[in-house]
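Results of the structural survey
Given next are the chains, with one letter for each unit.
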Amino acid sequence: MLPMLIATVFAPALAVSAALDHAQSPGVFPSPPGKGTGIWAGAYESARDLVGQMTLEEKVNITRGYTVSDNVCAGNTGTIPRLGWPGMCLHDAGNGVRATDLVNSYPSALHVGASWDRNLTYERAYHMGREFKAKGVNVVLGPNAGPLGRTPLGGRNWEGFSVDPYLSGQLNAKTIVGHQDAGVIANLKHFIANEQETYRRPYFGVEAVSANVDDKTLHELYLWPFMDGVRAGVASVMCSYNRINNTYGCDNSKLMNGVLKSELSFDGFVLLDWNAKHNLESAHAGLDMLMPGGGSWGQNLTQSVQNGIIDEGRVTDMATRIVAAWYLVGQNGPSFPAPGIGMKNLTQPHDQVDARVPESRLVILEGAIAGHVLVKNDGALPFKKSPTMLSVYGYDATIPKTKNTDILFQLGYTSSSEMAQAVLGTEHHFDQAARGGTIITGGRAGANGPAYIDDPLSAIQHRAKTDGTWVNWDLTSFNPDVNAASDACLVFINAIATEGWDREGLHDDFSDGLVLNIASKCANTIVVIHAAGVRLVDQWIDHPNVTATIIAHLPGQDSGEALVKLLYGEAAFSGKLPYTLARNESDYAVYAPCGRGPSNTTDPQCDFTEGVYVDYRHFDEKNLTPRYEFGYGLSYTTFDYSALSIDPPTINRDTAGVSTPSNDESLWGVVATVNATITNTGPVSGAEVAQLYLGIPNSPPKQLRGFEKVALCPGASAETSFELTRRDFSVWDVVAQGWVVQGGEYAVYVGASSRDIRLTSTITV
């Protein structure tokens, strides 16, 4: 049961104040101490023993960051030499270790989301985690459960797996387990409703935007993947830059104390996003660690304890949570290297710390293949035989001009040098096409410097040498000549995105014009789009000479080899869109990020009035026809769905006033199992992502509640089972402050996408 003080302020959760006409986030105090139960039990026992030997000054020392001269980690905690505690290095992690050498560039999270592959997601996270460990990084600053993708223009959407909370939650959980199995602390971010880069933090006298989100939407949409992450055992959560209901994320006691540490029973530590808005009282609000320095705490935290302003028990809990995370993943053992040992200034003499292992190579390649989504194919792919002549066009086909040690390398801007010149917090309008070369990642904190870039043109050339194919290319012209004898013309375009700024739009005229110019001269035009998010295609997708289109997302360093294997049929397309690709920008429930409004206010407000109706939920509710729906993706083979059955459900409706708390184990109990048979009815082997959607009363028409990726040879069948938990059937009751199962008919949809439903049934509760 919640403490009385917390319970009383929970009732008006995240309400709107009529007096102020602004959403308000109520205070929730005190900050609940970590319990150290379940998987945390042993770690807490060890942490309590170690922290119990620390002085107040030593406990404070590990709750903040320090600038050090012997590594370039994004952050370093203090150390406790007297007790042999070495401190921790914290560093950025989107698709690999950023701003260092001798590591790999993995597919970005959006690419992984398009694979819908739990196993590959785990393997990617595990091998990536091993690289962080080899470099002496204790805390991986990822994965991302936020932004979820409220606006398709979000500059960091590519750092997350999907706009759908269920898919995001499943893949975040697998990533967390993979990282922590490898011996590094995962940091789930950004908590919460951090859905735009525009006014994401206070700059130049303007407050950060306030994400004004109601309690039901918060729980059913934005909190959903964080719940999965906490259940998976995540050891750290990062609070966000933005305000939520007019209180800054890292000072929001309702969210940190009330939701994260009480509702979800989170036992790890809450980490400040770098230099995020906070104050001394943020310690009472639930914040546990500052980065990259001492911020508002510094020596003030020690003095405040001595003066009776901050209770020392709160500081002890902060230190215990941090040290328990360290023990949880086994960093106390002899196998963990010195913090930051492989994170050095690359232009200064340093030892080579090679973090790569041969076992990761296949994971990187298979991951790159799996996230490609074939959205159009009029028989152009796979190539029926080795082409005699191929023509390649577009700026995205080749490598960037440089990949060295500079800021372009460090921030993932090698193909978009203009972004490197921009100062955070200032207004900029970037070209949405990164015309400096192919992109394999987005920009800034989530980026990675690859060991190499296997670009599309190079991979095509290598294959051409083997097959005797003649290759033409023009990577700069807007309206190039085309050799009329070409068997196929491949056009490579892209859409870049970066932390710090939201995107200008969802397509650009130069790239669209290039596609149309080639299609006007080549009867077999194949378009490949490397995209850091939604990229509209309606300007040319219906052109009769555009015979195939591939959304290639952000594949990592094996981009070219992965694509060539798919083009030649040596690998099969199995990716599905982890978002909806609309026909028009106006079709999205929310298109643009919130601004300062007509009054140019210094207190920007962003009301999430669309509620849970984001992406396909909105399209279904409004009966809008997308160009390509959520979960859509073509294959080189065909699949049949049959034999739908539902095991007798063991679920009953909740009576009035009864609800299940978020930390109740029964919420995760399986209450229904849906079975279906998938058969490969086509001529070649392939993998199908079978998807289950649930129609919950008084909710969006469909919500994803299960998926399974099944690999099948021609003619083979497999029974697929979807286990549904009590949580999957539940809605959030804002009065009871818990999860409730309503009575009524729950429609069950099983199919190949959110619109391609093959089997239906109902479950009566």
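Residues numbered from 1 in each chain as written. Predicted model: local features only at pLDDT ≥ 70, side-chain atom pairs only at ≥ 80, totals over all residues. Heavy atoms only, no water.

**Brief notes about helix 2 (residues 41-51)**
It helps to recall that an α-helix has 3.6 residues per turn; residues three or four apart then point in one direction. Every buried residue of helix 2 is accounted for by Ala43, Tyr44, Ala47, Leu50 and Val51. Buried residues of helix 2 fall within an arc of 130° about the axis and therefore sit on the same side. Among the exposed residues of helix 2, those pointing more than 90 degrees away from its buried face are Glu45 and Asp49. (Buried < 20%, exposed > 50% of the residue type's maximum accessible area, 1.4 Å probe, protein only. Helix = DSSP H or I, 4+ residues; strand = E, 2+ residues; numbered from the N terminus. Arc of directions from axis to C-beta.)

**Thoughts on the pattern of salt bridges**
Between side chains of opposite charge, pairing is possible as soon as their charged atoms come close. Within this structure, the stated rule accounts for 35 salt bridges. In this structure, Arg200 and Glu499 form a salt bridge, with 2.9 Å as the shortest nitrogen-oxygen distance. Here Arg200 is found in the loop between strand 6 (185-191) and strand 7 (210-212), whereas its partner Glu499 is found in the loop between strand 15 (488-495) and helix 17 (509-519), with 299 residues between them in sequence. The class of Glu499 is buried, set by a relative accessible area of 9%. Several salt bridges converge on common partners, so that one network encompasses Arg156, Glu159, Glu197, Arg200 and Glu499. (Salt bridge = Lys/Arg side-chain N within 4 Å of Asp/Glu carboxyl O.)

**With respect to unusual backbone geometry**
Here the bond from Gly142 into Pro143 is cis, since omega is 15°, no more than 30 degrees from zero. For Pro143, the location among the structural elements is in the loop between strand 5 (139-141) and helix 6 (165-181). Although it is not a glycine, Asn245 sits at a positive phi angle of roughly 50°. On the secondary structure map, Asn245 appears in the loop between strand 9 (243-244) and strand 10 (247-248). On the basis of relative accessibility, which here comes to 1%, the residue Asn245 falls in the buried class.

**Points about the pairing of strand 11 (residues 269-272)**
Of the two faces of strand 11, the one holding Phe269 and Leu271 and the one holding Val270 and Leu272 are both buried throughout. By the bridge criterion, four bridges tie strand 8 (residues 236-239) to strand 11 in an arrangement that is parallel. Pairing of Ser236 across the sheet is with Phe269, part of strand 11. (Pairing = 2+ DSSP bridges.)

**Some words on the packing of aromatic side chains**
The geometry of an aromatic ring pair is captured by the separation of the ring centres together with the interplanar angle, meaning the angle of the planes. Across all of its chains, the model carries 22 aromatic pairs by this definition. Centre to centre, the rings of Phe478 and Phe510 are 5.2 Å apart; their planes meet at 40°, and the pair counts as tilted. Placement of the pair is Phe478 in the loop between strand 14 (470-474) and strand 15 and Phe510 in helix 17, with a sequence separation of 32 residues. Seen from their ring centres, Tyr616 and Phe630 are 4.6 Å apart, and the 20° between their planes marks the pair as stacked. Placement of the pair is Tyr616 in helix 19 (residues 616-621) and Phe630 in the loop between helix 19 and strand 19 (639-646), with a sequence separation of 14 residues. For Phe630, a relative accessible area of 0% corresponds to the buried category. Each residue in the set Trp116, Tyr166, Tyr616, Phe630, Tyr693 and Phe707 is aromatic and connected to the rest through ring pairs, giving one cluster. A cation over a ring is seen here: Arg243 above Tyr248, with NZ or CZ 6.0 Å from the ring centre. (Phe/Tyr/Trp six-rings, centres within 6.5 Å; stacked < 30°, edge-to-face > 60°. Lys NZ or Arg CZ within 6 Å of the ring centre and 35° of its normal.)

**A word on the state of the cysteines**
Counted under the stated rule, the structure contains four disulfides. Sulfur-sulfur distance for the disulfide between Cys73 and Cys89 comes to 2.1 Å. Residues Cys73 and Cys89 are joined through a disulfide that is left-handed, its torsion about the S-S bond being -105°. Placement of the pair is Cys73 in the loop between helix 3 (56-61) and strand 3 (75-76) and Cys89 in strand 4 (residues 89-92), with a sequence separation of 16 residues. With respect to class, Cys73 is no different from Cys89; both count as buried. For Cys239, the disulfide goes to Cys250, at an S-S distance of 2.0 Å. Here the S-S torsion is close to 105°, and the disulfide linking Cys239 with Cys250 is therefore right-handed. Of this pair, Cys239 sits in strand 8 while Cys250 sits in the loop between strand 10 and helix 9 (253-263); the two residues are 11 residues apart in sequence, bridging distant segments of the chain. Residue Cys239 is classed as buried on the basis of its relative accessible area, which comes to 0%. Note on Cys250: relative accessible area 0%, which makes it buried. The connectivity of the disulfides in the protein is 1-2, 3-4, 5-6, 7-8, where the numbers refer to bonded cysteines in sequence order. (Disulfide = S-S within 2.5 Å.)

**Focus: the sheet that holds strand 13 (residues 389-393)**
Spatially, the six strands line up as an open sheet ordered 12-17-16-15-13-14, and their pairing is mixed. Here the strands that pair on one side only, and so sit at the sheet edges, are strand 12 (373-377) and strand 14. Across the sheet, the axes of successive neighbouring strands diverge by a mean angle of 15°, strand direction being ignored. Of the strand pairs in this sheet, strand 15 and strand 16 (residues 525-531) are connected by seven bridges, and their pairing is parallel. Counted as the bridge partner of Asn494 is His530 from strand 16. Its contacts with the sheet place helix 17 against strand 13, strand 15, strand 16 and strand 17 (546-551), and it is angled at close to 175° to strand 15. (Axes fitted to C-alpha atoms, helices over the stretch in contact; angles between N-to-C directions. Contact = heavy atoms within 4.5 Å.)

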